[in-house]
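Residues per chain are reported as follows:
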Amino acid sequence: MHEWALAESVIKAAVEHAGNEKFKKLNETGVVFGELQAIDKEIFTFALEELRKQFPGAAACKFKITKQPAAFRCKACSHEFPLKGLKKTKDEAEFIHFVPEMAHTFLKCPKCGSPDFEIAAGRGVSISYIKGDK
Amino acid sequence: MNLDPRPSVIDERLKNVRRIIAVTGWKGGIGKSVTACALALLLAKKGYKTGLFDLDFAGASDHLILGAKGLFPKEEKGLEPPLLEGIKFMSVVFFSENKAVPLRGANVSDAIIELLAITQWGDLDFLVLDMPPGINDAALDVMRFARKAEVLAVTTPSLIARDVLARSLELYRGLKVPVLGVVENMSEGGKAKGAAAVIRRDSGLEKALGRPAALLKTAFSADLGRALKPLGLS
């Protein structure tokens, strides 16, 4: 249930944004799951439903979840590569799930072997839009 | 919009932490980690609920100093740090299998924000942060997210460490970050100008590393223990 902590951050950030924008009603929030962190959608959605009770501002908010493929760019050789095909053990995948930056410890550029790559897309959890009534 | 939701929840994670002590020093090898670990042990021994967070990702060493083995956080609405000698302990080594963590600055920042957002410290009297050397992403993020952090600055009698220390203190003053005081480590004894506490060079310290009970019995810990009151930590 480590997803719970991130779900809480999403619901809190959405409610805070609605407050800043002076929304009368918070309707919909777009949540992006980066492929690298491999968040469990079912657990995350369950956590959001539980957390909704603590955040009345999000009582009617729909959370639309989309997935974003991970994309990497090597700083050493400029090679661009996806997550698919990179070797990692089950434990290593779990560590990357908790802290995506551990990718630099366990993954390498498939072309030159460098751990010095940029996570250009699909790192972790982010919010892509927040809709509400003013 | 590309909004990072994680910072919104960091205050929530730290709301029941009464004091945050950032053990800093802008030079490497001056004893920040041993000071941070011994400080956490001394506070826990006094009965304070204490946490220790090793933020030196590249040179994480608190697990070695405290002899942590076979520990891993518990997944419970985030991550609950495991208990080590009564201290709630968090370190990047739990996730790196003791391998190198080659991170650029922006990655360090991302990893710190992630860990601050998911770590459930619960109720603490003190959270000791073992800072990496220098003023970099970790230090700037602590000032950004842990706004109640108080600095405990470590230095040595060396001209080099003292000069860099003076610059750091000037910056903290400008940023209105409270500085508890300066600890002069590896001292030859006597009073150190501008330092609230002096820790003498302790030849027995190396042998006590990895054994918390032995570490508490060192002259190093005795000197640091005497400094708690003048530093306002007891």
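These figures come from a predicted structure and were not determined experimentally.

**Q** Which residues make up the overall build of chain A, and what are the values?
**A** Across its full length, chain A carries 4 helices and 6 strands. Starting at the N terminus and ending at the C terminus, chain A contains elements arranged as α-β-α-β-β-β-α-α-β-β. Expressed along its principal axes, the backbone C-alpha trace of chain A runs to roughly 55 × 25 × 20 Å. With 134 residues in all, chain A has 40% of them scored as buried. A separation threshold of at least 6 residues defines the contact pool for chain A, and within that pool the share at least 24 residues apart is 82%.

**Q** If you had to explain the overall build of chain B to someone new, which residues and values would you point to?
**A** A tally of regular secondary structure across chain B gives 10 helices and 10 strands. The globule rule puts the C-alpha radius of gyration for 234 residues at 17 Å, and the 17 Å found for chain B is close to it. Taken along the three principal axes of its C-alpha coordinates, chain B extends 55 × 40 × 35 Å. Evaluated residue by residue, chain B yields a buried proportion of 51% over its 234 residues. Put simply, of all contacts in chain B between residues at least 6 apart along the chain, 73% involve residues at least 24 apart.

**Q** Explain the confidence of the model for chain B to me, and be specific about the residues and the numbers.
**A** With 100% of its residues at a pLDDT of 70 or more, chain B has an overall mean of 94. ipTM for the predicted complex: 0.96, alongside a pTM of 0.96.

**Q** Would you mind going over the sheet that holds strand β3 (residues 71–74) of chain A in detail, with residue names and values included?
**A** Within a sheet, each strand pairs with its neighbour through backbone hydrogen bonds, oriented either parallel or antiparallel. Residue and element names in this part refer to chain A. Pairing is antiparallel in the open sheet, where 3 strands are placed in the order β4-β3-β5. The open sheet has two edge strands, β4 (80–82) and β5 (117–121), and neither has a second partner. In this sheet, adjacent strand axes meet at a mean angle of 30° when their direction is disregarded. As defined by bridge partners, β3 adjoins β5 across 4 bridges and the pair is classed as antiparallel. Bridging across to β5, R73 finds its partner in E118.

**Q** Give me the sheet that holds strand β5 (residues 83–84) of chain B: which residues, what numbers.
**A** Residue and element names in this part refer to chain B. The strand order across the open sheet built from 8 strands is β5-β6-β2-β7-β1-β8-β9-β10, with neighbouring strands paired in mixed fashion. Strand pairing shows two members of the sheet lacking a second neighbour, β5 and β10 (197–200), which therefore form its edges. Where strand β8 (residues 149–155) lies against strand β9 (residues 179–187), 5 bridges are found, and the strand directions are parallel. Residue V151 lies in a different strand from β9, and its bridge partner there is V179. Contacts between helix α2 (residues 32–45) and the sheet are confined to β1 (17–24), β2 (50–54), β6 (87–91), β7 (124–130), β8 and β9, with β7 contributing the most and set at about 170° to the helix.

**Q** Residue-level account of the interface of chain A and chain B, with values.
**A** Opposite the 26 residues of chain A that make contact, chain B presents 27 residues. Looking at the side of chain A that touches chain B, the elements with two or more residues in it are α1 (3–20), α3 (90–98), α4 (103–106) and β6 (125–133) of chain A.

**Q** Can you lay out the nonpolar core for me, pointing to particular residues and giving the numbers?
**A** Among soluble globular proteins, nonpolar side chains are generally buried collectively. Of all hydrophobic cores here, the largest spans 114 residues; its most connected members are A14 of chain A together with A22, V23, A40, V128 and L129 of chain B. Apart from residues no more than four positions distant in its own chain, V128 of chain B is found in contact with I21, V23, A36, L39, A40, T50, G51 and L52 of chain B.

**Q** Run through the pairing of strand β2 (residues 62–68) of chain A, naming residues and quoting values.
**A** Residues and elements named next belong to chain A. As paired strands, strand β1 (residues 25–34) and β2 are joined by 7 bridges and run parallel to one another. Residue E28 lies in a different strand from β2, and its bridge partner there is K62. Once the chain exits β1 it traverses helix α2 (residues 41–52) before rejoining the sheet at β2, and the crossover so formed is right-handed.

What counts, and at which threshold
Residues numbered from 1 in each chain as written. Chains lettered and ligands numbered in written order. Predicted model: local features only at pLDDT ≥ 70, side-chain atom pairs only at ≥ 80, totals over all residues. Helix = DSSP H or I, 4+ residues; strand = E, 2+ residues; numbered from the N terminus. Buried ≥ 20, exposed ≤ 12 C-beta atoms within 10 Å, placed from the backbone. Contact = placed C-beta atoms within 7 Å. Rg over C-alpha atoms; globule rule 2.2 N^0.38 Å. pLDDT = per-residue confidence, 0-100. Pairing = 2+ DSSP bridges. Axes fitted to C-alpha atoms, helices over the stretch in contact; angles between N-to-C directions. Core = buried A, V, L, I, M, F, W, Y, C linked by C-beta atoms within 7 Å. Right-handed = clockwise from strand over helix to strand, strands pointing away.

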